[in-house]
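# Geometric and topological summary
Here are the chains, one letter per residue:
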Amino acid sequence: MTVLLYCRGFRDYGGIMSALGSDSWWKKTLYITGGALLAAAAYLLHELLAIRKEQELDSQDAIILHQFSRPKNGIPSLSPFCLKIETYLRMVDLPYQNYFDGRLSPQGKMPWIEYNHQQVSGSEFIVDFLEEKLGVNLNKNLTPQEIAVSRAVTKMVEEHLYWTIAYCQWVDNVEETQKLLAMDGPLSDTLKWVLSHLNGGMVRREMYGHGIGRFSKEEVYKLMEKDMRTLATLLGDKKYFMGSKMSTLDATVFGHLAQAMWTLPGTRPEQLIKGELINLAMFCERMRRRFWPEWFVEVDDLYYDGDSESSSSTGTPAGLLDFDLFSRTDTLDDSDSSNNSARHTHTPTPDSDHSLFDSDVGTGSENDIHLKEELMPDLEV
């Protein structure tokens, strides 16, 4: 039976190849090569997404953060929601373990967390869950009116601005974005192309379903500019969006604006945030310095000089150090002492007593720090 099936399959294959014509040998080569490349790409993609699928996780009293792999240009994530949640965890000083498995939650979301064997997806639900289970609350000092404003701005950012930035990343500048994907191997370029264009197609479809994707490119960017100007007006000359104290809104806005700040060189979002709306750039840099001490940037990355080559992300030192556990207890300056009650307190352990980066990684040479202070003195927290 097996022999008959094999022979039948061979005859079918021979018939297909004969149909191509004896004078079309190059077509045969193209079909065979293309098929092999697609098969290899599918296999590597499967391995990439399932590389840790079989590993067992113990989330007992530990926060496991599932998110996409770090991109190549130094920014923690190309996903504004992944960056939002990881920044939030650092703001409330909760130790967590990253898990770059690329596996979506049962609801098809990324990021998602596990804690005490409970799974939570969706950034809003993650924040609610951590507030309920661990007692953290960045918004405890806000008035009811400020909480209402914060929620309204959050919805503008996550349900409107998000799509315009995603359009810029994955549709209008997909070739540049695919270069930031962290993949290695002989077929890495092919995989990057496949993944970036698949994501671009998905963004197009979801934008169309949302409604914002039914407008022209110029109209999408006009909507983006309105949202960014609204954020710049709301921030004004304040340190954070709701005043001198941090709130959850800061993590939300930072996750989205960081994409315009550091992943889209030469584009309209970067021109706005590093030019006319410079207070947004100052906010992003303030957040980066305070909560991401291992994330390095060049001085030139803090402003737009009209030359996309000089502001390209390829000049940014690559690579966040992917330690398994991060906690930033005892890394806060004196100005944070009054806000300590808004963060979860836990018994110090060798793994969580201080930031893993305190003694091993600096924030740049003294000359670089002095230069940045001279250029942008108001960025100091």
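Structural data are supplied above this passage.
Residues numbered from 1 in each chain as written. Predicted model: local features only at pLDDT ≥ 70, side-chain atom pairs only at ≥ 80, totals over all residues. Heavy atoms only, no water.

### Comments concerning the overall build of the protein
Within the protein one finds 12 helices and five strands. In the protein, buried positions account for 45% of the 381 residues. A separation of at least 24 residues holds for 75% of the contacts in the protein among residues at least 6 apart in sequence. Accessible area of the protein: about 19,500 Å², with a carbon and sulfur share of 55%. (Helix = DSSP H or I, 4+ residues; strand = E, 2+ residues; numbered from the N terminus. Buried < 20%, exposed > 50% of the residue type's maximum accessible area, 1.4 Å probe, protein only. Contact = heavy atoms within 4.5 Å. Areas by Shrake-Rupley, 256 points an atom, 1.4 Å probe, with all protein chains shown as cover.)

### So, helix α9 (residues 248-262)
Between its first and last C-alpha atoms α9 spans 21 Å; for 15 residues at 1.5 Å apiece the expected length is 21 Å, and the two agree. Largest kink in α9: about 30 degrees, centred on His256. Buried residues dominate α9, accounting for 15 of its 15 residues. (Expected span 1.5 Å × (residues − 1). Bend = angle between axes of the 7 residues up to and from the residue.)

### What about the pattern of salt bridges?
Evaluated as defined, the whole model comprises 16 salt bridges. Note that Glu124 is salt-bridged to Lys155, the shortest N-O span being 3.3 Å. Here Lys155 lies in helix α5 (residues 144-172) and Glu124 lies in helix α4 (residues 123-134), a separation of 31 residues in the sequence. A relative accessible area of 31% places Glu124 in the partly exposed class. Across the pair Arg229 and Glu276 runs a salt bridge, and its minimum N-O distance is 2.7 Å. You can see Arg229 sitting in helix α8 (residues 217-235) and its partner Glu276 sitting in helix α10 (residues 268-276), a full 47 residues away along the chain. A single network of salt bridges, built from pairs that share partners, joins Lys84, Glu124, Arg151, Lys155 and Glu158. (Salt bridge = Lys/Arg side-chain N within 4 Å of Asp/Glu carboxyl O.)

### What to know about the pairing of strand β2 (residues 96-99)
A regular strand carries its side chains on alternate faces of the sheet. Bridge analysis of strand β1 (residues 63-66) against β2 gives four bridges, and the strand direction is parallel. In the sheet register, His66 faces β2, and the bridge partner there is Tyr99. For the segment spanning β1, helix α3 (residues 80-91) and β2, crossover handedness is right-handed. (Pairing = 2+ DSSP bridges. Right-handed = clockwise from strand over helix to strand, strands pointing away.)

### Remarks on the pairing of strand β3 (residues 112-115)
Burial of β3 is two-sided: the residues Trp112 and Glu114 facing one way and the residues Ile113 and Tyr115 facing the other way are all buried. Here β3 runs beside strand β4 (residues 118-121); their pairing, made up of four bridges, is antiparallel. Residue pairing across strands places Glu114 opposite Gln119, the latter belonging to β4. Linkage of β3 to β4, two consecutive antiparallel strands, is achieved through a turn of two residues, within which Asn116 is found at a positive phi near 50 degrees.

### Some thoughts on the packing of aromatic side chains
According to the stated counting rule, one finds eight aromatic pairs in the structure shown. With 6.3 Å between their ring centres and 75 degrees between their planes, Tyr115 and Phe129 make a pair best called edge-to-face. Of this pair, Tyr115 sits in strand β3 while Phe129 sits in helix α4, placing them 14 residues apart in sequence. Residue class for Tyr115 comes out buried when judged on its relative accessible area of 11%. Between Phe254 and Trp295, the ring centres sit 6.2 Å apart and the planes meet at 55 degrees, which makes this aromatic pair tilted. Here Trp295 lies in the loop between α11 (278-291) and β5 (325-326) and Phe254 lies in helix α9, a separation of 41 residues in the sequence. (Phe/Tyr/Trp six-rings, centres within 6.5 Å; stacked < 30°, edge-to-face > 60°.)

### Topic: the packing of α8 against α11
Running from amino to carboxyl end, α8 crosses α11 at an angle of 70 degrees, the nearest separation of the two axes being 9 Å. One way to sum up the angle between α8 and α11 is to call them roughly perpendicular. Contacts from Met228, Leu231, Ala232 and Leu235 of α8 reach α11 at Asn279, Leu280 and Phe283. In terms of residue class, the contact of α8 with α11 is made up of six nonpolar, one polar and no charged. (Axes fitted to C-alpha atoms, helices over the stretch in contact; angles between N-to-C directions. Parallel < 35°, antiparallel > 145°, perpendicular 65-115°, else oblique. Nonpolar A, V, L, I, M, F, W, Y, C, P; charged D, E, K, R; others polar.)

### Some points on the environment of Met183
Secondary-structure assignment places Met183 in the loop between α6 (174-178) and α7 (188-210). Counting along the chain gives 111 residues from Met183 to Lys72, while the straight-line C-alpha distance between them is 9.0 Å.

### Details of the side chain of Asn173
Inspection of the secondary structure puts Asn173 in the loop between α5 and α6. When residues no more than four places from it in sequence are discounted, the contact partners of Asn173 are Cys168, Tyr221 and Thr267.

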